[in-house]
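# Survey of secondary and tertiary structure
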Amino acid sequence: MTRSRDHDDTVIAMIRDDPQFAAEYLRIAFEELDQEGGESAFLSALRHVVEARGGLAVVAEKTGLSRESLRRALAPSGNPTLKTMRRVVHATGLTFAAIA
C-alpha cells in the first residue's frame, strides 16, 4: 500500500527544501490577489511558508505578535493589516519586493 501525504504537508516540505520555491510560490499567490478568492489563497500560501519556516510560534516570536493573533491573521477569513503582513513576510526571510 502506498502512503500519500496531505497536500499542505507536501507544499510545506517543498518550501522547506527549496527557499527559492517559497518566493515563487508567494509571488504567484500575490499575482492572483485580484481574482475571486485571491485574499484567502494568498493567506493560505503565506501560512504554508510560515509553517516551513518554523511554524506559528517561531514566526510569531520574530514578529512580536502573539501566536493566536498570528493564527487569526492568517486564517482564511483573516484580515491582517499591511503592517502585520510586512512583519510576517519579513519574519519568513522574504520581502514584498521579492514576491511582487
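Owing to the predicted nature of the structure, the values given are computational and were not obtained by experimental measurement.

Within the chain, the regular secondary structure consists of seven helices and zero strands. In sequence order, the secondary structure elements of the chain are arranged as α-α-α-α-α-α-α. Along the first, second and third principal axes, the C-alpha atoms of the chain reach 45 × 30 × 25 Å. Within the span of the chain, comprising 100 residues, buried residues form 38% of the whole. Counting contacts in the chain only where the partners sit at least 6 residues apart, residues at least 24 apart contribute 55% of the total. Within the structure as shown, the chain displays about 6200 Å² of accessible surface, and the carbon and sulfur contribution to it stands at 50%. Put simply, the chain has 13 plus and 14 minus side-chain charges, and the middle of one group is 8 Å from the middle of the other.

Let us look at the packing of aromatic side chains. With the rule as written, the count across this model stands at three aromatic pairs. With 6.4 Å between their ring centres and 50° between their planes, Phe30 and Phe96 make a pair best called tilted. Of this pair, Phe30 sits in helix H2 (residues 19-31) while Phe96 sits in helix H7 (residues 96-99), and the two are 66 residues apart along the sequence. Of the residues examined, Phe30 reaches a relative accessible area of 29% and is grouped as partly exposed. Classification of Phe96 by relative accessible area gives partly exposed; the value is 22%. Members of the aromatic cluster, joined through ring pairs, are Phe30, Phe42 and Phe96.

Procedures and definitions
- Residues numbered from 1 in each chain as written.
- Predicted model: local features only at pLDDT ≥ 70, side-chain atom pairs only at ≥ 80, totals over all residues.
- Heavy atoms only, no water.
- Helix = DSSP H or I, 4+ residues; strand = E, 2+ residues; numbered from the N terminus.
- Buried < 20%, exposed > 50% of the residue type's maximum accessible area, 1.4 Å probe, protein only.
- Contact = heavy atoms within 4.5 Å.
- Areas by Shrake-Rupley, 256 points an atom, 1.4 Å probe, with all protein chains shown as cover.
- Lys, Arg positive; Asp, Glu negative; His and termini not counted.
- Charge placed at Lys NZ, Arg CZ, Asp CG, Glu CD.
- Phe/Tyr/Trp six-rings, centres within 6.5 Å; stacked < 30°, edge-to-face > 60°.

That is the geometry; function is a separate question.
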